[in-house]
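Here's the letter readout for the chains.
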Amino acid sequence: MTPLLIGSEIYRHSSYGPKHPLAIPRVSTALDLIEALGWLPPAGWIEAPRATPAELARFHAPDYIAALQRAEATQRATPEDQARFHIGAHGNPVYREVFSRPATSAGGCMLAARLTAGGGVVYCPGGGTHHGRPDRASGFCYLNDPVLGLLTWLDAGLDNVLYVDIDAHHGDGVQDAFHDDPRVFTLSVHEEGRWPRTGAVEDRAGGAARNLPVPSGFNDSEMLWVLHGAILPVARRLRPQAIMLQCGADALEEDPLSRLSLSNNAHWGVVRALMGLAPRLLVLGGGGYNPWTVGRCWAGVWAVLNGYDIPERLPPAAEQVLRALRFGRAAGRNPPEHWFTTLRDAPRPGVVRAAVQRVVAAVVRDLDTIAVRER
Ligand SMILES: [Zn+2]
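What you are looking at is a predicted structure, and each value in this text was computed from that prediction instead of being measured. (Residues numbered from 1 in each chain as written. Predicted model: local features only at pLDDT ≥ 70, side-chain atom pairs only at ≥ 80, totals over all residues. Heavy atoms only, no water.)

**Things to note about the coordination of the zinc ion**
Then comes step 1: For the zinc ion, the full set of protein donor atoms is D167 (OD), H169 (ND1) and D250 (OD), at a range of 1.9 to 2.1 Å.
Then comes step 2: When the donor residues of the zinc ion are listed from N- to C-terminus, their spacing reads D-x1-H-x80-D. Here the residue D167 occupies a position in the loop between β4 (161-165) and α7 (172-177), and D250 occupies one in the loop between β7 (242-246) and α9 (264-274), the gap between them amounting to 83 residues.
Then comes step 3: Assessed through its relative accessible area of 1%, D167 is described here as buried.
Then comes step 4: Judged by relative accessible area, D250 falls into the buried class, the value being 0%. (Donors = N, O, S within 2.8 Å, 3.2 Å for Na, K, Ca; no water. Helix = DSSP H or I, 4+ residues; strand = E, 2+ residues; numbered from the N terminus. Buried < 20%, exposed > 50% of the residue type's maximum accessible area, 1.4 Å probe, protein only.)

Right under this line is the structure:
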């Protein structure tokens, strides 16, 4: 079945503010690259619908949803909004689309789950806000579109779903949402000791979770070790009806907020390995704070899902997309030429350190205790 692409123009000129890590264009860069490479489906991408407050209430508290709408309408957060809902506080600013942008990500993710009710592959790079809480914003995430997509699958009758998260940060909001629900198994690979500082290797959220905190400098060889030693064994054990992959690009070397050292080959390898392991696959974006890194990685994810060859050197139209980007951080002052002319990074192999081998061994030590649901 041909993969489907869900996008929106809402991301193009949306910014969390000039000094915020999410001042940069990410989804629009990936979509522009996909178009410039001739990879858009004939009918283009599917427009993500904005989720309604009633749809969002499947996971989020109505008074929190109302507060987000009010913040968008007034462009300010009251002291109560800041204290109760963390809107306009803790790195979650009031910005122009503070309700409609996350509601569009949520609507896209829920649509993706509905479109795959009978099977299929959908890519929704605007999704992946894995820190969102039922009643407050957290870690730049106002709503939790992965949770809403997973709930859409459950509401359609699925009862064995695997959520894999390779963002540099722990997928805490998703894990906690399904803490007592054996229908969703969550697996997160993230940088050890980084915010939100949860997701220790012993943390199994009541049984249906595994966590792989990895050390700074985590390289491509180590991700391969994690993939073949933990992610694939868990997936094969579960035999899930559906897999959701959160593909945050902040685990790549050039990201300014994290200290992991992957090349985009690592992310593409995980995408490729998960294809065909379940009848349904939904791939999301996530973190990622270097616009070149995010755009190149996420455009390549779409190539992998479709089996397209990634050219060694980008055609002029794609190069133009990358040359037009501006980035206020140090890395933006003198970007290396290959950020403009290639999609694929040079691989970043290395030693598979003992710390990585230990977390993988701990995760699969008692794989046979993972309850396999009868169908
Ligand atoms: Zn992240």
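**Thoughts on the environment of A249**
Then comes step 1: As for its position among the elements, A249 is in the loop between β7 and α9.
Then comes step 2: With relative accessibility at 0%, the residue A249 sits in the buried group.
Then comes step 3: Remark: the alpha-carbon pair of A249 and S100, spanning 149 residues in sequence, is separated by 23 Å.
Then comes step 4: Contacts of A249, omitting those with residues within four sequence positions, involve D255, H267, G287, G288, T293, V294, C297 and W298. (Contact = heavy atoms within 4.5 Å.)

**Brief notes about the pattern of salt bridges**
Pairs may arise between side chains of opposite charge once their charged atoms sit close together.
Then comes step 1: Using the criterion set out here, one finds 19 salt bridges in the structure.
Then comes step 2: For R84, the salt bridge is made with E80, and the minimal N-O distance between the two is 3.2 Å. Of this pair, R84 and E80 both sit in helix α4 (residues 79-85), 4 residues apart, which is roughly one turn of the helix.
Then comes step 3: Under the relative-accessibility criterion, R84 is labelled partly exposed at 42%.
Then comes step 4: Assessed through its relative accessible area of 46%, E80 is described here as partly exposed.
Then comes step 5: Between R96 and E97 there is a salt bridge whose closest N-O contact spans 2.7 Å.
Then comes step 6: Residue classification places R96 among the exposed residues on the basis of a relative accessible area of 54%.
Then comes step 7: Residue class for E97 comes out buried when judged on its relative accessible area of 8%. (Salt bridge = Lys/Arg side-chain N within 4 Å of Asp/Glu carboxyl O.)

**Topic: the sheet that holds β7**
Then comes step 1: As summarised here, the arrangement of the 8 strands in space is β2-β1-β3-β8-β7-β4-β5-β6, forming an open sheet in which the pairing is parallel. Two strands in the sheet have a free side with no partner beyond their single neighbour: β2 (46-47) and β6 (209-214).
Then comes step 2: Judged from the 5 bridges that link them, β4 and β7 form a sheet pairing that is parallel. Within β7, the position partnered with L162 by the bridge is I243. (Pairing = 2+ DSSP bridges.)

**Focus on unusual backbone geometry**
Then comes step 1: Following W195, the chain continues into P196 via a peptide bond in cis, with omega recorded as 5°.
Then comes step 2: Relative to the helices and strands, P196 is located in the loop between β5 (184-191) and β6.
Then comes step 3: The backbone of H90 shows a phi angle near 55°, a positive value even though the residue is not glycine.
Then comes step 4: Turning to its location among the elements, H90 is positioned in the loop between α4 and α5 (100-115).
Then comes step 5: With phi around 70°, F140 is a residue other than glycine that occupies positive phi space.
Then comes step 6: Within the secondary structure, F140 is located in the loop between β3 (120-124) and α6 (145-155).

**Some remarks on the pairing of β4**
Then comes step 1: Extensive coverage of β4 is indicated by the burial of 5 of its 5 residues.
Then comes step 2: Neither face of β4 is exposed, since V161, Y163 and D165 on one face and L162 and V164 on the opposite face are all buried.
Then comes step 3: With α7 bridging β4 and its parallel neighbour β5, the resulting β-α-β unit is right-handed. (Right-handed = clockwise from strand over helix to strand, strands pointing away.)

**Describing the nonpolar core**
Then comes step 1: Membership of the largest hydrophobic core comes to 75 residues, with the highest contact counts inside it found for V189, L212, F218, V226 and L245.
Then comes step 2: Tallying contributions element by element places helix α10 (residues 291-306) first for this core, with 10 residues.
Then comes step 3: Aside from chain neighbours lying at most four places away, what touches V189 is D165, I166, D167, L212, V214, F218, V226 and I231.
Then comes step 4: Grouped together as the second largest cluster of nonpolar side chains are 49 residues, A106, L143, V147 and L282 included. (Core = buried A, V, L, I, M, F, W, Y, C linked by side-chain atoms within 4.5 Å.)

**Examining helix α13 (residues 354-364)**
Then comes step 1: Of all the positions in α13, only V356, V359, V360, A362 and V363 are classed as buried. Seen along its axis, α13 keeps its buried residues to an arc of 160°; they face one direction.
Then comes step 2: Against β6 and α8 (220-238) lie the buried residues of α13. (Arc of directions from axis to C-beta.)

**Observations regarding the packing of α8 against α13**
Then comes step 1: With their axes 9 Å apart at the nearest point, α8 and α13 run at an angle of 5° to one another. Looking at the two axes, α8 sits roughly parallel to α13. Contacts from E222, W225, V226, G229, A230 and P233 of α8 reach α13 at V356, Q357, V360, V363 and V364.
Then comes step 2: Residue classes in the contact of α8 with α13 are distributed as 8 nonpolar, 2 polar and 1 charged. (Axes fitted to C-alpha atoms, helices over the stretch in contact; angles between N-to-C directions. Parallel < 35°, antiparallel > 145°, perpendicular 65-115°, else oblique. Nonpolar A, V, L, I, M, F, W, Y, C, P; charged D, E, K, R; others polar.)

**What about helix α11 (residues 316-323)?**
Then comes step 1: Within the sequence span of α11, burial applies to A318, E319, V321 and L322. The buried side chains of α11 occupy one side of the element, clustering within an arc of 150° when seen end-on.
Then comes step 2: On its buried face, α11 sits against α1 (27-36), α10 and α12 (338-341).

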